[in-house]
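These are the residues of each chain, in order.
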Amino acid sequence: MEKKDAILRRLGERIRQIRKEKGITQGQLAYSIDKDQQSIQRLEKGNVNPSLYYLCEIADGLGVEISYLLGGQGR
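The model shown is predicted, which means the values in this text are computed figures rather than measured ones.

How each quantity is defined
Residues numbered from 1 in each chain as written. Predicted model: local features only at pLDDT ≥ 70, side-chain atom pairs only at ≥ 80, totals over all residues. Heavy atoms only, no water. Phe/Tyr/Trp six-rings, centres within 6.5 Å; stacked < 30°, edge-to-face > 60°. Lys NZ or Arg CZ within 6 Å of the ring centre and 35° of its normal. Core = buried A, V, L, I, M, F, W, Y, C linked by side-chain atoms within 4.5 Å. Buried < 20%, exposed > 50% of the residue type's maximum accessible area, 1.4 Å probe, protein only. Helix = DSSP H or I, 4+ residues; strand = E, 2+ residues; numbered from the N terminus. Contact = heavy atoms within 4.5 Å.

Asks: Help me out: how do you make sense of the packing of aromatic side chains in this one?
Replies: Both the distance between ring centres and the angle between the ring planes are used here to describe each pair of aromatic rings. Going through the model one piece at a time under the given rule, you end up with 0 aromatic pairs. Over the aromatic face of Y68 sits the side chain of R14, whose NZ or CZ is 4.4 Å from the ring centroid. Here K35 stacks its cationic end above the ring of Y54, 5.3 Å away from the centre of that ring.

In structure tokens form, the structure reads like this:
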């Protein structure tokens, strides 16, 4: 379970980093993908195991490829 938690925390940190680089607030990202700000907050803290579809929504909201969210190329 520790490994899963660490992976989710790293993913959340990556999403937060990209969001901040883009100058987007949690609220703005949430609004752009029809979610609430608390959902983005939980995701960034690593408290959510997001579905593939949710990750696609996040990537679209941030204007990046899903592979970039996961630490690859594809801005």
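Asks: Would you mind showing me how to read the nonpolar core here?
Replies: Nonpolar side chains tend to gather and get buried jointly when the protein is soluble and globular. Counting residues in each nonpolar core, the largest one holds 17 residues, and the members touching the most others are I15, I40, I58, L62, V64 and L69. The dominant element in this core, judged by the number of residues it contributes, is helix 4 (residues 52-62), at 5 residues. Beyond its immediate chain neighbours, meaning those up to four positions away, I40 contacts Q26, L29, A30, I33, Y54 and I58.

Asks: Explain unusual backbone geometry here, please?
Replies: A negative phi holds for most residues other than glycine; trans holds for most peptide bonds. Phi at D34 takes a positive value of approximately 60°, unusual for a residue other than glycine. Mapped onto the elements of the fold, D34 is located in the loop between helix 2 (26-32) and helix 3 (37-44). Its relative accessible area of 72% is what places D34 among the exposed residues.

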